[in-house]
Amino acid sequence: MEKMRFARRTKIFLLLVTSLCGLSLWSSLGEQKEQNQLLSIETFNINRKSLAYQDSLAIDKNKKGGDNSQTNDNNNNINIKNNNNKSSSSSSNNNNNNNNNNNTIASIREIHRITPEILKVINTTEKSVVANETAKQSRTILMSYMRSGSTFTGDLFQASPDVMYMYEPLLYTNDVDELSQNTPIRSRVISKFFKDRNLPETLDYILNTMKCNLTDSNLRYMIGYTYSRSFDDYAICMKGLKPYGTRDCGQITLKRCHQSSNVISKILRLKMWEVDKLLARDPELQIIHLVRDPRGIAMSRTMARYYLNTRTLCVRMNTDASLSMELEKKYPGRILTVRYEDLALSPLNVTRKLFHHAKVKWTPQIADKVQDLTSPRNDSFDEKIFGTKRKNSSSTAFNWRRKLPFSTALEIQKFCQKMMDLYGYNIFQSYTEMMNLGFSSIQGNYSDKYYKGDSSDL
């Protein structure tokens, strides 16, 4: 009888410790739903019942066994130590212990009744911690247009070890200037994915990946991962394991994402009307809208042999410029408008502003990286058209003025006049004026209807 009581007390003590650990972990999660708070209260009540039950055992033991119970407990310990030397006793004790265990479990279930709820708390604690950590991450989309300095700007963010950087998550779709809101996803994807049955919708895909919901299926469409240092380990894994979506490789990326304080996603294949929907669905999401002089975009695309339709490009940029002002009223302070030219002329100050908006920690090492990207100390450095390192970022931003045909400049100024006025880009009246670098192509300031940060950002 005393052995049964000893085993029972041990089991209840272990249950009590487990319950208290579950309660402690639960309280550390901070903000939880009301039903989980109620469950925590129930767990506390169970612990109280456990203590009451343990006290009743102690009272019962004192009544029946008195001082002999302590002697029996000591004898039990001695028997356990000498168990290997007494085979017959061992066999008997094992049978008794099995019976005791069954009786103990039955007694515990009878008293606690909602033991499955305790187990649920413990089993879901790890998932809750991960979800809580993800909720604390900052999420920022760097939105821009092809050949507008977005890859260069993205590399500035990659200088921070705290950033999980996603390069073009919508690279599985085509980049088109004019896009109807009712366009089905199958009409947008590139040919590689034509036959896929379960194509992810663009907005769902953006939000899922930015919240670290990196499933095997999601990673299949992240075809630009080789341009992100956050996916370096994943890239190494994928070289040895095919096809796409190998589970072990995905776990590497998932862990990296959950460990990051900030998630930055650089996206070109995104319209401002889509940004409106994203901001509504994710209240914590921030946007950086990087714009550039469309004349500079045209020259850069021509040199890179990219597709260019000045009319549709201007329609897209004009529409985004107008809608962005409306969204600033709807979501004040969540869309930071930045001109690429300002970043090129004052890289350190503007990069600090970008980091502040995205809630990324600024360090001296990041300042050194910005210096290296915008003005390398190595005089022998060879600037490449598809690279992001510049001999002199300020001169690179305005090189188009010496190369762009004036007829093309006039055409762009005609179609893009609305956005150029809003963003403070000057109109050239003659070829001579365009070639005169003493006449600035940008104004010192532009429309106050856009959020451009504040003095605390610097």
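Residues numbered from 1 in each chain as written. Predicted model: local features only at pLDDT ≥ 70, side-chain atom pairs only at ≥ 80, totals over all residues. Heavy atoms only, no water.

**Examining the nonpolar core**
Point 1. Grouped together as the largest cluster of nonpolar side chains are 44 residues, with contacts concentrated most on Phe-157, Leu-354 and Tyr-423.
Point 2. Ranked by residue count, the leading element in this core is helix α13 (residues 310-330), at five residues.
Point 3. In contact with Leu-354, other than residues within four places in its own chain, are Thr-153, Phe-157, Ile-288, Leu-336, Val-338 and Leu-343. (Core = buried A, V, L, I, M, F, W, Y, C linked by side-chain atoms within 4.5 Å. Buried < 20%, exposed > 50% of the residue type's maximum accessible area, 1.4 Å probe, protein only. Helix = DSSP H or I, 4+ residues; strand = E, 2+ residues; numbered from the N terminus. Contact = heavy atoms within 4.5 Å.)

**Quick word on the sheet that holds strand β2 (residues 163-167)**
Point 1. Spatial ordering of the open sheet is given by β2-β3-β1-β4-β5, a layout of five strands whose pairing is parallel. Among the strands making up the open sheet, the edge pair consists of β2 and β5 (335-339). The sheet shows a mean angle of 20 degrees between the axes of neighbouring strands, direction not considered.
Point 2. Sheet topology note: the β2/strand β3 (residues 262-267) ladder contains five bridges and is parallel. (Pairing = 2+ DSSP bridges. Axes fitted to C-alpha atoms, helices over the stretch in contact; angles between N-to-C directions.)

**A look at the state of the cysteines**
Point 1. If you walk through the whole model with that rule in mind, you get three disulfides.
Point 2. Paired by a disulfide, Cys-212 and Cys-257 hold their sulfur atoms 2.0 Å apart. Taking the torsion about the sulfur-sulfur bond, which here is approximately -75 degrees, the covalent link between Cys-212 and Cys-257 counts as left-handed. Of this pair, Cys-212 sits in the loop between α7 (202-210) and α8 (216-220) while Cys-257 sits in helix α10 (residues 247-258), and the two are 45 residues apart along the sequence.
Point 3. In this structure Cys-212 comes out as buried when scored by relative accessible area, which is 2%.
Point 4. Judged by its relative accessible area of 0%, Cys-257 falls in the buried class.
Point 5. Through a disulfide, Cys-237 is tied to Cys-249; the S-S separation comes to 1.9 Å. Judged by the sign of its S-S torsion, about -80 degrees, the bond between Cys-237 and Cys-249 is left-handed. In this pair, Cys-237 sits in helix α9 (residues 232-240) while Cys-249 sits in helix α10, placing the two residues 12 residues apart along the sequence. (Disulfide = S-S within 2.5 Å.)

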